[in-house]
Amino acid sequence: MQGKGVIKFFAILLAVVCLYQLSFTWVAHKVREDAKVYSKGDPEKEKAYLDSISNQPVYPLLKHDYAYVLQREIALGLDLKGGMNVTMQIQLDELVRKIANNNPDATFNQALANADKLQANAQTNQKDYIALFVSEYEKLNPNGKLAAIFSTKDNQDHLKFNASNSEVKTYLEDLASTAVKQSFTVLNTRINQFGVTQPNIQLQQGSNRILVELPGVKEPERVRKLLSGSAKLEFYETFDNAEAYQYLINIDNLLAAKSKTAKADTGKSAKADTTAKIAAGKADTAKGGSLLSKVQKNAAKNDTSAASLSKTKLAAQHPLFAVMSLNVGQGANGQQQLGQGPVVGYAPLQDTAKVNSYLHSADVLAVIPRNIKFLWEVKPIKNTKTFALYAIKLTGAENGPVLSGDVINDARADNDQKGSPEVVMIMNSEGAQKWRAVTAEASSGTNKKAIAIVLDDNVYSAPTVQNEISGGVSSISGNFTIDDTRDLANVLKAGRLPAPAHIVSESIVGPSLGEQAISAGITSSILGLVVVLIFMIAYYNRAGTVAVVAVIINIFFLMGVLTSLGAVLTVPGVAGIVLTLGIAVDANVLVYERVREELGLGKSLRVAVADGFKHALPSILDSQISTFLTGLILFVFGSGPIQGFATTLMIGIATSLFCSLLISRVIFEWMLDKGMDIKFSNPWSSHTFKNANFAFVKNRGKFYIFSGLFIAAGLVSIFTRGFTYGVDFEGGRNYIVSFPNKNVTTEQIHDAIDATLGRSTEVKTMGTDKFSITTNYLFNDNSTAADAKVRATLVSTLAAKAETKITDSNILGGSKVSATIADELKTSAIYTVLFAIFVISAYILIRFRKWQFSLGAMIATAHDALLVLSFFSLFNGFLPFSLDIDQAFIAAILTVIGYSINDTVVVFDRIREFLEHSNKNEKPEDVINKAINSTLSRTIITALTVVFVLLVLFIFGGDVIKGFSFALLIGVLFGTYSSICVATPVIVDFGKKDLK
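## Comments concerning the overall build of the chain
Part 1 of the argument: If you tally the helices and strands in the chain, you get 33 helices and 27 strands.
Part 2 of the argument: A burial count over the chain gives 53% of its 996 residues as buried.
Part 3 of the argument: Taking all contacts inside the chain whose residues are at least 6 apart in sequence as the whole, residues at least 24 apart take part in 74%.
Part 4 of the argument: In the structure as shown, the chain presents an accessible area of about 44,600 Å², 57% of it carried by carbon and sulfur atoms.

Following this line, the structure appears as structure tokens:
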């Protein structure tokens, strides 16, 4: 074998990289275990411990801090970790109304209503909303001019009164695109400040939807309010640091006094002690530099051992300054002095919540002026995890901003005369007048003031006003990058483009359900691995041990690559790993069967091994490429968990090819060099399927009849009984409810809830003590109040009866999908399956150069999909677990298609090989039948390994993926049957002349 050295080097390098990537998970796990030991079961104490070491080195070898390690551990999906998945839809209809100043024109409003209905339709909901609106308006009023509606006073700089409808459409599309991007920016900021570890927010390209995943979230109601709130853009005057400094000193002394009073319990009133401390604070303020020097010097200490005592004293004497530092610097004389501008202090990310709790406490708010509030900058200081704190001045009788964001007509990223990035902001006439007065006051005198640009109580910029600005056109400059100016321009349009975002789909997984999924996933993975390895050794003897080593290395590489790519591991992802265990041995089986054939021809062991790998390579590549194509289609068209499954599948195929073809070969070469006696079978398995001569081609008519009858019965059932759709295909709200220690039946649950939630409510068992409850109650109400009401109604109705009595804590998880999303998923699923069949058939046509092979593959894959669908309709309700049609089922169908093609391609390869070397006098059907029988051993052995693994997954994989694993199980059986009994007979019947 050539290139053994290169293979060994690459394998060692890959192993080192994988070990390094996986080490972050081990370190993070150890830190969390230490936190649990330290907190002794107190979650608040555990969180405080983890926050406190966020910037502390926890990776002994490389000195990485905990935050760094946490970002690089294996990312767990919501179904494993628990949390919340939300799809937000930007309401472009409300945006269009706003741009038109809520024009009362009847045709305009009817066109909007028609566009709303069309976008809710499954056939048109993928189309652009603006295009639908313009089309409907032109249908209702063919000669109507949209410019008459949209060329308002605020829009006239961009849209003339005589503009054509196409120009108006372009203008509206630009504003809609900006509104979606601006909403993405706002949501991204809100989520990042929510404090969720490894959040994921994605703008779904080509749509007005944003996908949000928040692992570990335990406050879904708070998330709903956070995400659904309208963006609020405001402009505030600011206090200079020197003005706000005294207030911070007073706050710090107040907190120290309360702490001392609470501990000492001297009997004096807290109020009197506080007054004294505030007075002392004023005295210290007069001293200025001494306190600053003391506090800053102590706060700057980072040594966790020697400085621990000083930190404790600092926290007691100066609670506020123990978690934030003041804005000070070195003066010309070397003495510390206060920094200039509205920034009053700094704090690392993990301490901002503590600072907020101090500044917003009732005691502090009672003693500081009502016209000051403290807000954080939206982004950390460059290349740090430290945030700046601003002193904001509240004005007017209502203590509010000097200007609101709705006066902005436009904002754009630009460059100043020196070529530096800046933002140009344009206001309407009303805003220009107010802005002139505000900037005149801010720029007066020698100490020029800053104006803070605030969105959702986050400071995005606070430029110092140099001169009075008239005309309403301002340029905002600073230490900006091009991306900074683009983001700020989007932020400034928040008031102008108030397109609200509504929740159209959500899914909540409770931590306990996630823990069960992890446990089930680990159990099924380990058992699946053990089953495959035992079978391989039992069937292939010592050669089987090589496959065992290759599979173990494959799993190690797979997990390492997943971690390095930042892929999210989900329950379907675990299923992908378990399935990879089954298909990973496919290449080994192909090689081993070929080696056994070569040994049967009398070749030496070394030559047989070399020829076995050589002759098996085309079949291995064809089969794995076809399966990889299925995974790719799943990744492109799927979402969330399906993408996780596809990612795992594709990476698993790549790593299994490397291990099966290269690592296994290197191990065999080493064993041969050592003179080891390598056996490829045990006595009982040495003659299995040898000289098989089943009349598959001759009996193809019987197979056609069986498949035809089964599919016909299935189609009748589909059109009469139909399917049971999951919530993601039907729409509605779904809850996973636990009834521990209770022998509850579905009938009892129906009796409790039907009168309130409606008889259309579905109840399905999920194991021994869990049930899935799906309801359309208040289905069309997407408000957060409706979500809370449905959940409360479900709990109260179940709690009203003794046999079903539960509390809110018994709801382990839930999900909500709107009708629009459900229709889209159905349509997308159908197109995805059809596209998969087309792509794989095209690959077969290119690879084998005969349309009969492509037709056979197409019919076989369609046959398998129809058989699985028929099975799910025929036996729905008769099996003790749900046979729902949902996204996971579509993933299973596509995987079955991939497996079926994998199997079919191997048979096709052998048929082509036999035809190329056949005698001209032999009948093609006889040659094809011999080819099928010659590869029967590989077909059955591979199917058995996959079936063994899927049985383990079905039994031990948990209730969440029972239907998914069952679809895979029957699909593999049907796929094995079709590759032998359907795909090849089609070649015979349609290619008799060509095959000769």
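Right, picking up where we left off after that structure.
## Thoughts on the pairing of strand S12 (residues 372-376)
Part 1 of the argument: Counting buried positions over the five residues of S12 gives four, a clear majority of the element.
Part 2 of the argument: Note that S12 and strand S13 (residues 386-393) share five bridges and pair antiparallel. Bridging across to S13, Ile 372 finds its partner in Lys 393.

## Remarks on the environment of Leu 951
Part 1 of the argument: Along the chain, Leu 951 falls in helix H31 (residues 936-956).
Part 2 of the argument: Here Leu 951 falls in the partly exposed class, since its relative accessible area comes to 35%.

## Remarks on the packing of aromatic side chains
Part 1 of the argument: Taken as a whole, this structure holds 31 aromatic pairs when the rule is applied.
Part 2 of the argument: Centroid distance Phe 872 to Phe 966: 6.4 Å. Interplanar angle 45°. Geometry classified as tilted. Here Phe 872 is found in helix H28 (residues 851-874), whereas its partner Phe 966 is found in helix H32 (residues 962-990), with 94 residues between them in sequence.
Part 3 of the argument: Owing to a relative accessible area of 1%, Phe 872 belongs among the buried residues under this scheme.
Part 4 of the argument: Positioned above the aromatic ring of Phe 239, the side-chain terminus of Lys 393 is 5.0 Å from the ring centre.

## Considering a nonpolar patch on the surface
Part 1 of the argument: A cluster of nonpolar side chains, namely Phe 628, Leu 632, Phe 635, Val 636, Phe 637, Phe 835 and Phe 838, defines an oily patch on the protein surface of about 640 Å² accessible area.
Part 2 of the argument: Listing elements by their share of the nonpolar patch, those giving two or more residues are helix H21 (605-637) and helix H27 (819-848).
Part 3 of the argument: The element best represented in the nonpolar patch is H21, accounting for five residues.
Part 4 of the argument: Note that Phe 838 resides in helix H27.

## Looking at the pairing of strand S4 (residues 83-90)
Part 1 of the argument: Summarising burial for S4: eight of the eight residues are buried, a large majority.
Part 2 of the argument: The alternating pattern of S4 places Gly 83, Asn 85, Thr 87 and Gln 89 and Met 84, Val 86, Met 88 and Ile 90 on opposite faces, both of which are buried.
Part 3 of the argument: Pairing analysis gives seven bridges linking S4 to strand S6 (residues 209-215), with the strands arranged antiparallel. When the bridges of S6 are listed, Met 88 appears paired with Ile 210.

## Some thoughts on the environment of Tyr 20
Part 1 of the argument: Residue position: Tyr 20 is located in helix H1 (residues 4-39).
Part 2 of the argument: With a relative accessible area of 31%, Tyr 20 lands in the partly exposed category.
Part 3 of the argument: If near-sequence neighbours (up to four positions away) are discounted, Tyr 20 is found in contact with Tyr 59, Leu 62, His 64 and Tyr 68.

## A closer look at the pattern of salt bridges
Part 1 of the argument: What the rule picks out here adds up to 24 salt bridges.
Part 2 of the argument: Between Lys 36 and Glu 33 there is a salt bridge, and its shortest N-O distance comes to 3.9 Å. With Lys 36 and Glu 33 both in helix H1, this residue pair falls three residues apart, about one helical turn.
Part 3 of the argument: When its relative accessible area of 45% is taken as the criterion, Lys 36 is described as partly exposed.
Part 4 of the argument: Taking the relative accessible area as the measure of exposure, Glu 33 reaches 33% and is therefore partly exposed.

## Observations regarding the sheet that holds strand S16 (residues 421-427)
Part 1 of the argument: Pairing is antiparallel in the open sheet, where three strands are placed in the order S15-S16-S19. The strands lining the two open edges of the sheet, one partner per strand, are strand S15 (408-415) and strand S19 (473-477). Each adjacent strand pair in this sheet contributes to an overall mean axis angle of 20°, direction not counted.
Part 2 of the argument: Note: S15 against S16, seven bridges, orientation antiparallel. Paired with Ile 408 across the two strands is Met 427, which belongs to S16.
Part 3 of the argument: Of the strands in this sheet, S16 and S19 touch helix H17 (residues 429-443), which is tilted by about 115° from S16.
Part 4 of the argument: Packing against the sheet, helix H18 (residues 482-492) makes contact with S15, S16 and S19, and its axis sits at approximately 15° to S16.

## Regarding the state of the cysteines
Part 1 of the argument: Using the criterion set out here, one finds zero disulfides in the structure.
Part 2 of the argument: Here Cys 659 is not disulfide-linked; the sulfur of Cys 18 is the nearest cysteine sulfur, at 9.5 Å.

## Things to note about the nonpolar core
One recurring pattern in soluble globular proteins: nonpolar side chains tend to sit buried together.
Part 1 of the argument: Of all hydrophobic cores here, the largest spans 131 residues; its most connected members are Tyr 592, Phe 668, Ile 844, Phe 872 and Phe 908.
Part 2 of the argument: With near-sequence residues (within four places) excluded, Phe 668 lies in contact with Ala 543, Val 546, Tyr 592, Val 609, Phe 613, Ile 678 and Phe 680.
Part 3 of the argument: The next biggest cluster of nonpolar side chains, apart from the first, holds 44 residues, and it includes Met 84, Ala 179, Ile 191 and Ala 501.

## Concerning helix H7 (residues 129-140)
Part 1 of the argument: Its 12 residues give H7 an end-to-end C-alpha distance of 17 Å, which sits within 8% of 16 Å, the value for a rise of 1.5 Å per residue.
Part 2 of the argument: Regarding H7, the residues found buried are Tyr 129, Ile 130, Leu 132, Phe 133, Val 134, Glu 136 and Tyr 137.

## Here we look at the confidence of the model for the chain
Part 1 of the argument: When pLDDT is averaged across the chain, the result is 79; 85% of the residues are at 70 or more.
Part 2 of the argument: A low-confidence stretch, residues 122-126 stays under pLDDT 50, and its non-local contacts, those more than four residues away or across chains, total 13 contacts.

## Topic: unusual backbone geometry
Part 1 of the argument: Phi at Asn 101 is positive, roughly 55°, even though this residue is not glycine.
Part 2 of the argument: Considering the arrangement of structural elements, one finds Asn 101 in the loop between helix H5 (92-99) and helix H6 (106-120).
Part 3 of the argument: Phi is positive for Asn 102, which is not a glycine, with a value near 55°.
Part 4 of the argument: Inspection of the secondary structure puts Asn 102 in the loop between H5 and H6.

## Some thoughts on the packing of helix H23 (residues 700-720) against H28
Part 1 of the argument: Contact pair H23 / H28: the axes reach a minimum separation of 8 Å and the direction vectors enclose 50°. Taken together, the axes of H23 and H28 lie oblique to each other. Crossing handedness for the pair H23 and H28: left-handed. Between H23, through Ser 707, Phe 710, Ile 711, Ala 713, Gly 714, Leu 715, Ser 717 and Ile 718, and H28, the contact on the second element is made entirely by His 863, Leu 866, Leu 867, Leu 869, Ser 870, Phe 871, Ser 873 and Leu 874.

## Points about the side chain of Thr 861
Part 1 of the argument: Mapped onto the fold, Thr 861 is located in helix H28.
Part 2 of the argument: Looking at Thr 861, the relative accessible area reads 1%, which means it is buried.
Part 3 of the argument: Looking at Thr 861, its side chain comes within polar contact range of the main-chain oxygen of Ala 857, at 2.9 Å.
Part 4 of the argument: Apart from the residues lying within four places of it in its own chain, the contact partners of Thr 861 are Ile 837, Ile 897 and Ile 901.

## Details of the packing of helix H30 (residues 924-934) against H32
Part 1 of the argument: It is the contact of H30 with H32, at a shortest axis distance of 10 Å, that shows an interaxial angle of 155°. When the axes of H30 and H32 are compared, the pair comes out roughly antiparallel. Crossing of H30 over H32 shows right-handed handedness. Of H32, the residues touching H30 (which contributes Glu 925, Ile 928 and Ile 932) are Ile 980, Thr 984, Ile 987 and Val 988.

## Focus on the side chain of Asp 93
Part 1 of the argument: Assignment of secondary structure puts Asp 93 in helix H5.
Part 2 of the argument: For Asp 93, a relative accessible area of 12% translates into the label buried.
Part 3 of the argument: Aside from chain neighbours lying at most four places away, what touches Asp 93 is Leu 112, Asp 116 and Tyr 129.

## Overview of the environment of Asn 428
Part 1 of the argument: Within the secondary structure, Asn 428 sits in the loop between S16 and H17.
Part 2 of the argument: Here Asn 428 falls in the buried class, since its relative accessible area comes to 10%.
Part 3 of the argument: For the pair formed by Asn 428 and Lys 153, sequence separation is 275 residues and the distance between their alpha carbons is 8.5 Å.
Part 4 of the argument: Contacts of Asn 428, omitting those with residues within four sequence positions, involve Asp 154, Asp 406, Val 407 and Asn 409.

Thresholds, definitions, all that
Residues numbered from 1 in each chain as written. Predicted model: local features only at pLDDT ≥ 70, side-chain atom pairs only at ≥ 80, totals over all residues. Heavy atoms only, no water. Helix = DSSP H or I, 4+ residues; strand = E, 2+ residues; numbered from the N terminus. Buried < 20%, exposed > 50% of the residue type's maximum accessible area, 1.4 Å probe, protein only. Contact = heavy atoms within 4.5 Å. Areas by Shrake-Rupley, 256 points an atom, 1.4 Å probe, with all protein chains shown as cover. Pairing = 2+ DSSP bridges. Phe/Tyr/Trp six-rings, centres within 6.5 Å; stacked < 30°, edge-to-face > 60°. Lys NZ or Arg CZ within 6 Å of the ring centre and 35° of its normal. Patch = residues over 30% accessible without salt bridge, like charges linked within 9 Å, V, L, I, M, F, W, Y side chains within 5 Å. Salt bridge = Lys/Arg side-chain N within 4 Å of Asp/Glu carboxyl O. Axes fitted to C-alpha atoms, helices over the stretch in contact; angles between N-to-C directions. Disulfide = S-S within 2.5 Å. Core = buried A, V, L, I, M, F, W, Y, C linked by side-chain atoms within 4.5 Å. Expected span 1.5 Å × (residues − 1). pLDDT = per-residue confidence, 0-100. Parallel < 35°, antiparallel > 145°, perpendicular 65-115°, else oblique. Left-handed = near helix turned anticlockwise from the far one by under 90°. Polar contact = N/O pair within 3.5 Å; in protein donor to acceptor, adjacent residues only side chain to side chain.

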